[in-house]
Amino acid sequence: MATASRTPALRAKNTEVLYAWEGKDKSGKTVRGEIRANGEAIVNVTLRRQGILVSKVKKKSFTSGKKITDKDITLFTRQLATMMKAGVPLLQSFDIVAKGHSNPSVSKLIGEIRSDVETGTSLNQAFRKFPLYFDALFCNLVGAGEQAGILEDLLTRLAIYKEKTQAIKGKIKSALFYPIAVLAVAFIVTAVIMIWVVPAFKEVFKSFGADLPAPTLFVMAISDAMVANWYIIFPTIFISIYFFFQTWRRSVPMQRFMDRLLLKAPIFGEVIRKATIARWTRTLATMFAAGVPLVESLDSVGGASGNSVYADATKKIQTDVTTGVSLTVAMQNVEIFPNMVTQMVSIGEESGALDTMLGKVADFYEEEVNEAVDSLASLMEPLIMAILGVLIGGLVIAMYLPIFKLGSVV
């Protein structure tokens with residue numbers, strides 16, 4: 001019965017749209033604004049209760065915009081923090097940021113948050129209505145800032161945190177883009193050679209009247225298979241890749257498996273581990289510095305790490321800390337943090353400067369990631385060239401071996 005009674009209310013809430021209104025307040029001054037409601041009648045009633053004589057109400061339409069990315073949210077956080085630091089009122093800050101953004105989708109999102117805040121909703125609760133863009137960490141920090149009266153400081157911390165996290169992700173993506181792009185081009189070139197070039201050589205070799213070398217026969221057999229079944233092979237490859245990434249994205253067991261596998265991967269595994277530790281310590285430092293209790297901070301830390309291995313370990317740490325175990329001992333018990341990290345945390349706990357020490361650990365590992373990615377980029381170039389040389393060079397040699405053999409006979 002309780003579920004049934006809540007359903008109409010949920011449906012009504014989901015049909016709310018944004019209205020732009022204009023009217024006069026009790027002093028006769030013309031005022032304008034935006035509000036979310038289920039219809040014009042509700043807009044009129046709501047504003048009348050606030051002492052506003054409404055003269056115009058219009059449903060606000062938005063042009064379709066690009067997808068809202070994490071980079072957009074990071075920029076929004078930085079702009080909002082800067083304006084509040086400068087003393088600009090919150091609602092006015094929303095207006096300035098929304099009008100200055102090039103993505104209509106972001107402007108719409110900011111407008112809806114502004115409307116909620118204008119009607120009396122706390123900023124923390126307004127953000128929680130959009131969990132796709134504002135995670136628990138973001139909302140918890142904003143809530144802590146509102147309660148302590150230091151919202152502008154917390155928004156600045158959030159902006160710094162998101163910028164640093166974004167920088168690490170960007171570094172890793174840029175390191176992975178080059179080898180993936182080169183290997184994709186190599187695959188396309190190889191497919192073209194196998195389907196169109198090798199059959200042309202095959203026609204030439206028919207007139208030789210001699211046995212072909214084994215490498216040539218092997219390449220020609222692969223070419224025949226690809227020519228005969230290309231309409232099965234290529235769709236199968238692309239569909240398999242698509243379903244693999246979809247399963248990775250949607251399946252929790254698959255995510256756990258891949259997270260464990262990536263941490264053990266050669267070369268890349270150590271970079272991913274360092275990036276994860278950097279995010280873990282940066283998140284905990286930001287939460288703890290904001291005055292959020294340690295046990296509550298750990299709620300957000302695991303998910304922010306971006307790896308299920310560290311998320312599961314964080315739950316165990318949280319359980320141990322709840323029972324009175326120190327954070328240092330709890331981190332040592334899960335056995336996934338380097339000795340340097342636990343020693344720095346121990347010093348932070350003893351000196352009462354845990355957030356400072358965690359911030360220093362995060363700085364250290366962020367710098368380690370930057371250096372590792374730069375080294376990785378320089379290491380991958382000769383490795384990729386070697387792979388391409390073996391692949392393309394092997395095909396060329398296999399096709400020219402019969403010609404060399406014929407030349408030696410002549």
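Quantities reported herein were computed from a predicted structural model and do not represent experimental measurements.

A.B. asks: I tried to follow helix H10 (residues 252-264) on my own but got confused; where do I start?
C.D. replies: Its 13 residues give H10 an end-to-end C-alpha distance of 19 Å, which sits within 8% of 18 Å, the value for a rise of 1.5 Å per residue. Among the residues of H10, those classed as buried are Met-254, Met-258, Asp-259 and Leu-263. Summarising the axial view, the buried residues of H10 lie within an arc of 160°, below the 170-degree limit, and thus occupy one face. In H10, those exposed residues whose orientation departs by more than 90 degrees from the buried face are Pro-253 and Lys-264. On its buried face, H10 sits against helix H9 (214-250), helix H11 (268-289) and helix H13 (308-322).

A.B. asks: What am I meant to see in the confidence of the model for the protein chain here?
C.D. replies: When pLDDT drops low, the exact placement of atoms in the prediction is not to be read closely. Averaged over all residues, the pLDDT of the protein chain equals 84, while 93% of them reach at least 70. The low-confidence segment residues 1-14, where pLDDT is below 50, has 2 contacts with residues more than four positions distant or belonging to other chains.

A.B. asks: Can you help me understand the packing of aromatic side chains in this one?
C.D. replies: We describe a pair of aromatic rings using the distance from one ring centre to the other and the angle between the two ring planes. Following the criterion strictly, the structure yields 17 aromatic pairs and no others. Each ring, one from Phe-76 and one from Phe-94, has its centre 6.2 Å from the other, and the planes form 20°; the classification is stacked. Of the two residues, Phe-76 sits in helix H3 (residues 70-85) while Phe-94 sits in helix H4 (residues 90-100), which places them 18 residues apart along the sequence. The pair formed by Phe-76 and Phe-94 is uniform in burial state, with each residue classed as buried. Residues Phe-76 and Phe-134 carry aromatic rings whose centres are separated by 6.2 Å and whose planes lie at 65° to one another, so their mutual orientation is edge-to-face. Of the two residues, Phe-76 is situated in helix H3 and Phe-134 in the loop between helix H6 (123-128) and helix H7 (136-148); the sequence distance between them amounts to 58 residues. Every member of this aromatic cluster is reached through a ring pair, and the members are Phe-76, Phe-94, Phe-127, Phe-134 and Phe-138.

A.B. asks: Just checking my understanding: could you explain the sheet that holds strand E1 (residues 17-24) for this structure?
C.D. replies: Strand pairing in a sheet relies on backbone hydrogen bonds. The paired strands run either parallel or antiparallel. An order of E2-E1-E3 is seen for the 3 strands of this open sheet, with the pairing classed as antiparallel. Because the sheet does not close on itself, it has two edges, and the strands there are strand E2 (30-37) and strand E3 (53-59). For this sheet the average axis-to-axis angle between neighbouring strands, irrespective of direction, equals 25°. Helix H2 (residues 40-49) rests against E1, E2 and E3 of the sheet, and its axis sits at about 150° to E3.

A.B. asks: Quick question: what am I supposed to make of the packing of helix H14 (residues 327-334) against helix H15 (residues 339-351) here?
C.D. replies: When two helices pack together, their arrangement is given by the angle between their axes and by how far apart the axes lie. Orientation of H14 relative to H15, taken along the N-to-C sense of each, is 165°, at an axis distance of 8 Å. As far as their axial angle goes, H15 and H14 are roughly antiparallel. Of the two possible hands of crossing, H14 and H15 adopt the one that is right-handed. On H15, the residues that touch Leu-327, Thr-328, Met-331 and Gln-332 of H14 are Val-341, Thr-342, Gln-343, Val-345, Ser-346 and Glu-349.

A.B. asks: Looking at this structure, how should I read the pattern of salt bridges?
C.D. replies: Charged atoms that come close allow side chains of opposite charge to pair. One pass over the full model with this rule turns up 12 salt bridges. Arg-114 is the partner of Asp-95 in a salt bridge, and the nearest nitrogen-oxygen pair spans 2.6 Å. Remark: Arg-114 occurs in helix H5 (residues 104-118) and Asp-95 occurs in helix H4; sequence separation between them is 19 residues. Here Lys-274 makes a salt bridge to Glu-368, at a shortest N to O gap of 3.0 Å. Here Glu-368 lies in helix H16 (residues 354-409) and Lys-274 lies in helix H11, a separation of 94 residues in the sequence. A relative accessible area of 22% places Glu-368 in the partly exposed class. Beyond isolated ion pairs, a larger network of salt bridges with shared partners links Lys-164, Arg-282, Asp-363 and Glu-366.

A.B. asks: Before we go on, may I ask you to explain the pairing of E1 in this structure?
C.D. replies: Looking along a regular strand, one sees side chains alternate from face to face of the sheet. Direction of pairing for E1 relative to E2: antiparallel, over a ladder of 8 bridges. Paired with Leu-18 across the bridge in E2 is Arg-36. Remark: 5 residues form the turn of the hairpin made by E1 and E2, two consecutive strands paired antiparallel; Gly-28 in that turn has positive phi of roughly 85°. Sheet topology note: the E1/E3 ladder contains 6 bridges and is antiparallel. Paired with Glu-22 across the bridge in E3 is Lys-56.

A.B. asks: What is the right way to look at unusual backbone geometry in this model?
C.D. replies: Only a minority of non-glycine residues have a phi that is not negative, and only a minority of peptide bonds are not trans. We note that Glu-335 has phi near 60°; this positive angle belongs to a residue other than glycine. Tracing the sequence through the fold places Glu-335 in the loop between H14 and H15. With a relative accessible area of 68%, Glu-335 lands in the exposed category.

A.B. asks: I'm lost on the side chain of Glu-366 in this one. Help?
C.D. replies: Here Glu-366 shows up in helix H16. On the basis of relative accessibility, which here comes to 11%, the residue Glu-366 falls in the buried class. Every residue in contact with Glu-366, bar those within four places of it in the chain, is listed here: Lys-164, Ile-168, Ala-278 and Arg-282.

A.B. asks: Help me out: how do you make sense of the nonpolar core in this one?
C.D. replies: General note: in soluble globular proteins, nonpolar side chains tend to be found buried as a group. Ranked by internal contacts, the top residues of the largest apolar core, which has 36 residues, are Trp-280, Leu-284, Ile-317, Leu-327, Met-331, Phe-337 and Val-341. Ranked by residues supplied to this core, first place goes to H16 with 9 residues. Setting aside chain neighbours within four positions, we find Ile-317 in contact with Trp-280, Leu-298, Leu-327, Ala-330, Met-331, Val-334 and Phe-337. Membership of the second largest hydrophobic core comes to 35 residues, among which are Ala-81, Leu-123, Leu-154 and Met-287.

Basis of the calculations
- Residues numbered from 1 in each chain as written.
- Predicted model: local features only at pLDDT ≥ 70, side-chain atom pairs only at ≥ 80, totals over all residues.
- Heavy atoms only, no water.
- Helix = DSSP H or I, 4+ residues; strand = E, 2+ residues; numbered from the N terminus.
- Expected span 1.5 Å × (residues − 1).
- Buried < 20%, exposed > 50% of the residue type's maximum accessible area, 1.4 Å probe, protein only.
- Arc of directions from axis to C-beta.
- Contact = heavy atoms within 4.5 Å.
- pLDDT = per-residue confidence, 0-100.
- Phe/Tyr/Trp six-rings, centres within 6.5 Å; stacked < 30°, edge-to-face > 60°.
- Pairing = 2+ DSSP bridges.
- Axes fitted to C-alpha atoms, helices over the stretch in contact; angles between N-to-C directions.
- Parallel < 35°, antiparallel > 145°, perpendicular 65-115°, else oblique.
- Left-handed = near helix turned anticlockwise from the far one by under 90°.
- Salt bridge = Lys/Arg side-chain N within 4 Å of Asp/Glu carboxyl O.
- Core = buried A, V, L, I, M, F, W, Y, C linked by side-chain atoms within 4.5 Å.

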